[in-house]
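Summary of structural features
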Amino acid sequence: MRGHLKAVNLKHNKVGGTDEPSMYRINDDLIAVEDCQYAGVNVKMIIDDNVFTAKVIATECGILKLNEEMDNGSMVEGVTFRNYTEEERMEKVDKIYVMARLSPLDKLLMAQCLKKKGHVVTITSDGTNDAPVLNEADIGLSMRIQGTEVAKESSDIVILDDNFASLATVLRWGRCVYNNI
């Protein structure tokens, strides 16, 4: 079973009131991304930051390869994705691993494209604006601590510790249940 997993909570762990990335959290996320990729999940990071910050985070978490060029189609800004024709979006969506500087509509468009292509789509989010994309996803996941009540109500599963690494555990449990039905 192949799927797409949007990860928005890979970014920063607020430590001591700063926005400095936590190396402990990045290492956990790297292992979780590797676990998901090993399980056949195509991990995509959709993030509000600019493309340069997104590239650093995606590289540290193993979504992009070190020194991967930004012009090879693996990264796109939300406005660019939104302005593609539907045919262009459908053609390019599988190659995109990072989308930055986006609107909630861009997230929704990506989820819809992936579903049209037959992928199982899982979305993680914590924001009110993401209620439509959480509903569109086959599995919507929200964050208990940082998540808004609207996001939690719109999701199928609430991740109790707000940690992307928990998704690898959810994936294992879900597949175990599915295999035993």
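Note that the structure is predicted; figures quoted are calculated from it, not measured. (Residues numbered from 1 in each chain as written. Predicted model: local features only at pLDDT ≥ 70, side-chain atom pairs only at ≥ 80, totals over all residues. Heavy atoms only, no water.)

**A word on the overall build of the protein chain**
- What the protein chain contains, in helices and strands, is eight helices and seven strands.
- With 181 residues in all, the protein chain has 46% of them scored as buried.
- Accessible area of the protein chain: about 9,600 Å², with a carbon and sulfur share of 52%. (Helix = DSSP H or I, 4+ residues; strand = E, 2+ residues; numbered from the N terminus. Buried < 20%, exposed > 50% of the residue type's maximum accessible area, 1.4 Å probe, protein only. Areas by Shrake-Rupley, 256 points an atom, 1.4 Å probe, with all protein chains shown as cover.)

**What about the packing of aromatic side chains?**
- On inspection of all chains with the given rule, the structure shows one aromatic pair.
- Relative to Tyr84, the ring of Phe81 lies with its centre 6.2 Å away and its plane at 75°, an arrangement referred to as edge-to-face.
- For Tyr84, a relative accessible area of 18% corresponds to the buried category.
- Between Lys44 and the ring centre of Tyr97, over which it is positioned, the NZ or CZ distance is 5.0 Å. (Phe/Tyr/Trp six-rings, centres within 6.5 Å; stacked < 30°, edge-to-face > 60°. Lys NZ or Arg CZ within 6 Å of the ring centre and 35° of its normal.)

**A word on unusual backbone geometry**
- The phi dihedral of Arg101 falls on the positive side, at around 50°, and the residue is not glycine.
- Phi at Asp162 takes a positive value of approximately 55°, unusual for a residue other than glycine.
- Take Asp162: it is sitting in the loop between strand E7 (157–159) and helix H8 (165–179).
- The buried category is assigned to Asp162, whose relative accessible area is 5%.

**As for the nonpolar core**
- Val43, Met45, Ala54, Ile63 and Val98 are the most contacted members of the largest nonpolar core, which has 23 residues in total.
- When contributions to this core are tallied by element, the ones reaching two or more residues are helix H1 (23–38), strand E2 (41–47), helix H2 (51–60), strand E4 (98–100), strand E6 (139–143) and H8.
- Judged by nonpolar contacts, the second largest core, of 21 residues, contains Met90, Ala111, Val133 and Ala137. (Core = buried A, V, L, I, M, F, W, Y, C linked by side-chain atoms within 4.5 Å.)

**Observations regarding helix H5 (residues 104–116)**
- With 13 residues, H5 extends 18 Å from end C-alpha to end C-alpha; this agrees with the ideal 18 Å at 1.5 Å per step.
- Restricting attention to buried positions, one finds in H5 the residues Asp106, Lys107, Leu108, Leu109, Met110, Ala111, Cys113 and Leu114.
- Looking one or two places after H5, you find Gly118, whose phi comes out positive at around 90°. (Expected span 1.5 Å × (residues − 1).)

**Quick word on the confidence of the model for the protein chain**
- Per-residue confidence for the protein chain averages 84 on the pLDDT scale, and 84% of its residues sit at or above 70.
- Highest mean pLDDT in the protein chain belongs to helix H4 (residues 86–92) (97); lowest belongs to strand E1 (residues 3–7) (43).
- A low-confidence stretch, residues 1–24 (pLDDT under 50), is modelled with 68 contacts involving residues beyond four sequence positions or located in other chains. (pLDDT = per-residue confidence, 0-100. Contact = heavy atoms within 4.5 Å.)

**Re the environment of Ile157**
- Structurally, the position occupied by Ile157 is in strand E7.
- Overall, Ile157 belongs to the partly exposed group, its relative accessible area being 30%.
- The spacing of Ile157 and Ser142 is 15 residues in sequence and 6.5 Å in space, taken between C-alpha atoms.
- In contact with Ile157, not counting residues within four places along its chain, are Ile139, Gly140, Leu141, Ser142 and Val170.

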